[in-house]
Amino acid sequence: MGGKRDEDDEAYGKPVKYDPSFRGPIKNRSCTDVICCVLFLLFILGYIVVGIVAWVYGDPRQVLYPRNSTGAYCGMGENKDKPYLLYFNIFSCILSTNIISVAENGLQCPTPQTVITSLQQELCPSFLLPSAPALGRCFPWTNVTPPALPGITNGTTIEQGISGLIDSLNARDISVKIFEDFAQSWYWILVALGVALVLSLLFILLLRLVAGPLVLVLILGVLGVLAYAIYYCWEEYRVLRDKGASISQLGFTTNLSAYQSVQETWLAALIVLAVLEAILLLVLIFLRQRIRIAIALLKEASKAVGHMMSTMFYPLVTFVLLLICIAYWAMTALYLATSGQPQYVLWASNVSSPGCENVPINTSCNPMAQPVNSSCPGLMCVFQGYSSTGLVQRSLFNLQIYGVLGLFWTLNWVLALGQCVLAGAFASFYWAFHKPQDIPTFPLFSAFVRTLRYHTGSLAFGALILTLVQIARAILEYIDHKLKGVQNPVARCIMCCFKCCLWCLEKFIKFLNRNAYIMIAIYGKNFCVSAKNAFMLLMRNIVRVVVLDKVTDLLLFFGKLLVVGGVGVLSFFFFSGRIQGLGKDFESPHLNYYWLPIMTSILGAYVIASGFFSVFGMCVDTLFLCFLEDLERNDGSLDRPYYMSKSLLKILDKNNEVPPGNKKRKK
């Protein structure tokens with residue numbers, strides 16, 4: 001051991017012992033958490049079976065295509081050339097209390113529905129209005145005066161109803177304009193995303209040069225902001241004190257904004273900010289050594305990324321896998337929700353009409369047969385929905401729950417795979433004594449194959465634990481949503497406490513899993529052992545953990561702000577036409593909504609920056625754990641040399657012994 005550290009605590013285990021055979025990520029390893037691996041593979045097999053069952057019994061056409069009153073799809077099969085649905089009485093839709101049931105039956109109105117060419121047949125609507133297609137359905141124009149109808153006396157109400165119906169369902173004009181904007185600006189959006197990619201990459205690579213000054217500037221910036229806030233609070237307090245505005249005059253009130261006009265509020269804020277400023281100054285004074293270590297690790301992480309540029313693009317693999325998982329779940333859920341046989345019932349426009357007294361309204365019928373009572377005017381066999389009988393339909397809820405569990409588990413497993421693969425690649429960088437000569441060839445690919453081959457079960461184990469907590473949180477959020485109207489303060493308080501506890505638990509499990517995957521990538525042990533070793537190692541160095549975490553968060557936050565803000569400002573000036581004189585080839589396109597490509601560019605820049613900085617954050621965490629292990633394993637002797645960089649050795653006032661006659665030996 002290279003000296004006793006203040007953080008060492010026997011309660012968190014003994015320091016790692018020296019292992020002469022250890023040279024970085026273990027290559028001769030065996031499969032871990034085999035039972036969980038088998039369970040995960042069986043679950044995936046069952047998930048595939050659920051998808052097959054959903055595909056066999058599901059019918060998503062009911063969501064994608066409108067149906068007429070006989071249940072036939074518009075725009076498909078025999079109605080291929082009849083894509084639009086016409087409502088006999090559109091006002092039945094306007095006046096209906098339940099217009100839309102898209103999730104199960106699509107848009108259903110209590111009126112006969114047919115395709116346009118059916119007007120040439122004997123069944124015709126009582127009136128026609130000029131209309132336009134929207135979502136495969138014909139809706140009348142809002143500037144047309146409708147005829148007088150029984151029970152409807154206000155033409156303005158009808159017009160407002162039609163307008164509201166079209167506004168809620170028909171986004172045709174807006175959609176066309178949005179499509180036109182994207183068609184004209186997609187090239188420049190890609191340019192903006194390219195700028196975001198370059199800025200993110202440059203920020204990370206340049207950290208090896210500017211990490212120290214940048215962290216210093218950010219810390220001084222935080223101190224400056226707090227100092228200005230203290231000054232502002234003092235000025236507000238002084239003015240209100242001179243006016244004599246006191247809380248005793250205001251008394252108790254539920255209007256919180258009223259407390260801004262009393263001196264005690266600003267005095268309390270001043271005291272809190274002053275305490276925070278003092279604490280931050282004391283932390284900077286007493287923890288300056290650890291801040292220097294954190295900066296050195298950030299520089300080392302920048303070097304690691306520079307030597308393994310392929311790691312910066314691994315988030316694309318993760319993104320594709322996540323997209324596959326989400327798409328599979330969405331399609332499975334859609335097919336499951338649309339499973340069942342179509343059901344038809346008798347319907348009449350006016351059941352009180354002569355001849356309709358004995359008609360069994362709302363009973364099942366056959367749309368291909370003639371109505372049982374042709375003397376009842378307007379009697380039709382209309383499509384109602386899909387049956388809920390049958391094995392698949394009775395198990396629909398359970399299958400959907402299985403799908404949700406599959407979604408969470410697969411998503412968390414994909415994220416775990418990315419973390420473990422990156423950890424394996426960056427660990428191989430740290431434990432290469434002579435850099436870059438000793439760095440393995442294709443470290444990222446080797447880590448990927450090694451992780452899939454040996455540690456699928458361990459990743460599934462950690463992902464399952466996190467999945468159960470997330471599902472518990474989702475259930476709690478659902479219950480809380482249902483209890484929104486409950487005014488019981490005790491129940492609200494208990495619910496809030498449960499939500500807070502589960503949120504904290506999820507954050508802790510994510511932190512523990514992340515470090516467990518790093519240890520798995522290095523040593524190849526099972527999840528529980530790796531999680532325990534990582535937790536103990538971090539607890540023995542808890543102060544360094546906190547300092548590094550906060551310095552890294554501050555730096556990456558500034559990096560995201562720089563990338564997203566820079567792209568946002570450039571996009572705004574370009575797409576709004578404020579940048580002139582760039583030449584004809586670089587003129588900003590004429591857009592209907594110039595904010596649309598701006599928001600798209602900002603969102604894309606944030607996604608790109610988050611992907612790049614997540615890799616960098618994983619690199620910092622991996623190198624940090626390796627650094628702590630290096631301190632405990634080695635002492636700088638010829639047999640046990642340190643693997644850390646010269647800058648870290650200098651900060652820690654340590655060095656490696658140099659063999660006689662080899663004064664130029666590295667480290």
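The rules we used
Residues numbered from 1 in each chain as written. Predicted model: local features only at pLDDT ≥ 70, side-chain atom pairs only at ≥ 80, totals over all residues. Heavy atoms only, no water. Helix = DSSP H or I, 4+ residues; strand = E, 2+ residues; numbered from the N terminus. Contact = heavy atoms within 4.5 Å. Areas by Shrake-Rupley, 256 points an atom, 1.4 Å probe, with all protein chains shown as cover. Salt bridge = Lys/Arg side-chain N within 4 Å of Asp/Glu carboxyl O. Buried < 20%, exposed > 50% of the residue type's maximum accessible area, 1.4 Å probe, protein only. Axes fitted to C-alpha atoms, helices over the stretch in contact; angles between N-to-C directions. Parallel < 35°, antiparallel > 145°, perpendicular 65-115°, else oblique. Left-handed = near helix turned anticlockwise from the far one by under 90°. Nonpolar A, V, L, I, M, F, W, Y, C, P; charged D, E, K, R; others polar. Polar contact = N/O pair within 3.5 Å; in protein donor to acceptor, adjacent residues only side chain to side chain. Core = buried A, V, L, I, M, F, W, Y, C linked by side-chain atoms within 4.5 Å. pLDDT = per-residue confidence, 0-100. Phe/Tyr/Trp six-rings, centres within 6.5 Å; stacked < 30°, edge-to-face > 60°. Patch = residues over 30% accessible without salt bridge, like charges linked within 9 Å, V, L, I, M, F, W, Y side chains within 5 Å. Disulfide = S-S within 2.5 Å.

Caption draft 1: Here's a closer look at the overall build of the protein chain. If you tally the helices and strands in the protein chain, you get 18 helices and eight strands. Taking all contacts inside the protein chain whose residues are at least 6 apart in sequence as the whole, residues at least 24 apart take part in 74%. With an accessible surface of roughly 36200 Å², the protein chain has 65% of that area assigned to carbon and sulfur atoms.

Caption draft 2: Broad picture of the pattern of salt bridges. A complete count under the given rule lists ten salt bridges for this structure. Between K510 and E506 there is a salt bridge; the shortest N-O distance is 3.4 Å. Of this pair, K510 and E506 are both found in helix 14 (residues 489-523), four residues apart, which corresponds to roughly one turn of the helix. Owing to a relative accessible area of 37%, K510 belongs among the partly exposed residues under this scheme. Here E506 falls in the buried class, since its relative accessible area comes to 8%. Salt-bridge contacts for R514 lead to D621; the nearest nitrogen and oxygen are separated by 2.6 Å. Taken together, the residues R514 in helix 14 and D621 in helix 17 (residues 595-633) connect sequence positions 107 residues apart. Residues joined by salt bridges that share partners form a network here, namely R473, E506 and K510.

Caption draft 3: Representation of the packing of helix 1 (residues 34-57) against helix 11 (residues 396-430) within the structure. Remark: helix 1 packs on helix 11, axes separated minimally by 10 Å, with the N-to-C direction vectors making an angle of 130 degrees. Judged on the interaxial angle alone, helix 11 and helix 1 are oblique. In this structure, the crossing between helix 1 and helix 11 has a hand that is left-handed. Across the interface between the two elements, F40, L42, F43, I44, G46, Y47 and V50 from helix 1 touch L399, Y402, G403, L405, G406, L407, W409, T410 and W413 from helix 11. Classifying every residue of the contact of helix 1 with helix 11 by side-chain character gives twelve nonpolar, four polar and no charged.

Caption draft 4: Spatial organisation of the environment of D635. Among the structural elements, D635 can be located in the loop between helix 17 and helix 18 (646-651). Residue classification places D635 among the partly exposed residues on the basis of a relative accessible area of 29%. For the pair D635 and E657, spaced 22 residues apart in sequence, the C-alpha to C-alpha distance is 9.5 Å. Separated by 2.7 Å, the side chains of D635 and S637 make a polar contact.

Caption draft 5: Here's a closer look at the nonpolar core. Among the nonpolar cores identified, the biggest contains 101 residues, and F616, F627 and M644 are the most heavily contacted of them. The element that contributes the greatest number of residues to this core is helix 17, accounting for 17 residues. In this structure, F627 is in contact with I293, L297, Y430, M644, L648 and L652, ignoring residues within four places of it in sequence. If you look at the next biggest cluster of nonpolar residues, it comprises eight residues, including L226, I230, C233 and Y237.

Caption draft 6: Structural view of the side chain of S302. Counting through the fold element by element, S302 comes out in helix 8 (residues 288-307). Assessed through its relative accessible area of 0%, S302 is described here as buried.

Caption draft 7: Main features of the confidence of the model for the protein chain. Model confidence for the protein chain is summarised by a mean pLDDT of 77, while 71% of its residues fall at 70 or above. When pLDDT is averaged over each element of the protein chain, helix 1 comes out on top at 92 and strand 2 (residues 100-101) at the bottom at 39. Predicted confidence is poor over residues 1-8, with pLDDT under 50, and the contacts of this stretch with residues over four places away or in other chains come to 23 contacts. Note on residues 116-122: pLDDT under 50 across the span, and eight contacts to partners over four residues away in sequence or across chains.

Caption draft 8: How the structure looks around the packing of helix 14 against helix 15 (residues 527-539). One way to put it is that helix 14 packs onto helix 15 with a least axis distance of 8 Å and a crossing angle of 105 degrees. What the angle tells us is that helix 14 and helix 15 run roughly perpendicular. Residues F508, F511, L512, N513, N515, A516, Y517, M519 and I520 of helix 14 touch helix 15, and the partners they reach there are F527, S530, A531, N533, A534, F535 and L538. For the contact of helix 14 with helix 15, the per-class residue count stands at twelve nonpolar, four polar and no charged.

Caption draft 9: Region of the structure containing the packing of aromatic side chains. One pass over the structure, following the stated rule, counts 23 aromatic pairs. Judged by centre distance (5.2 Å) and plane angle (65 degrees), the ring pair of W431 and Y643 falls under edge-to-face. One end of the pair, W431, is in the loop between helix 11 and helix 12 (443-454); the other, Y643, is in the loop between helix 17 and helix 18, with 212 residues separating them in the sequence. The pair W431 / Y643 is uniform in exposure class, with both members buried. Three or more aromatic residues link up through ring pairs in this structure, and these residues are F40, F43, Y47, Y328, Y402, W409 and W413.

Caption draft 10: View of a nonpolar patch on the surface. Taken together, the side chains of V34, I35, V38, L39, L42, L45 and V49 make up a nonpolar region of the molecular surface, amounting to roughly 670 Å² of accessible area. Along the chain, V38 falls in helix 1.

Caption draft 11: Looking closely at the environment of F624. As for its position among the elements, F624 is in helix 17. Between the C-alpha atom of F624 and that of Y430, which follows or precedes it by 194 residues, the distance is 9.7 Å. In contact with F624, not counting residues within four places along its chain, are L297, L538, R544, V545 and L548.

Caption draft 12: Seen up close, unusual backbone geometry. Within the chain, D33 stands out as a residue other than glycine whose phi angle is a positive 50 degrees. Following the sequence through the fold, D33 ends up in the segment before helix 1. Given the relative accessible area of 18%, D33 is considered buried. Phi angles above zero are rare outside glycine, and F442 is one such case at about 50 degrees. Inspection of the secondary structure assignment puts F442 in the loop between helix 11 and helix 12.

Caption draft 13: Just the state of the cysteines, in detail. Across all of its chains, the model carries zero disulfides by this definition. C500 forms no disulfide, and the closest cysteine sulfur to it belongs to C504, at a distance of 4.3 Å. Counting only cysteine sulfurs, C500 is the nearest neighbor of C501, a cysteine outside any disulfide, at a range of 5.8 Å.

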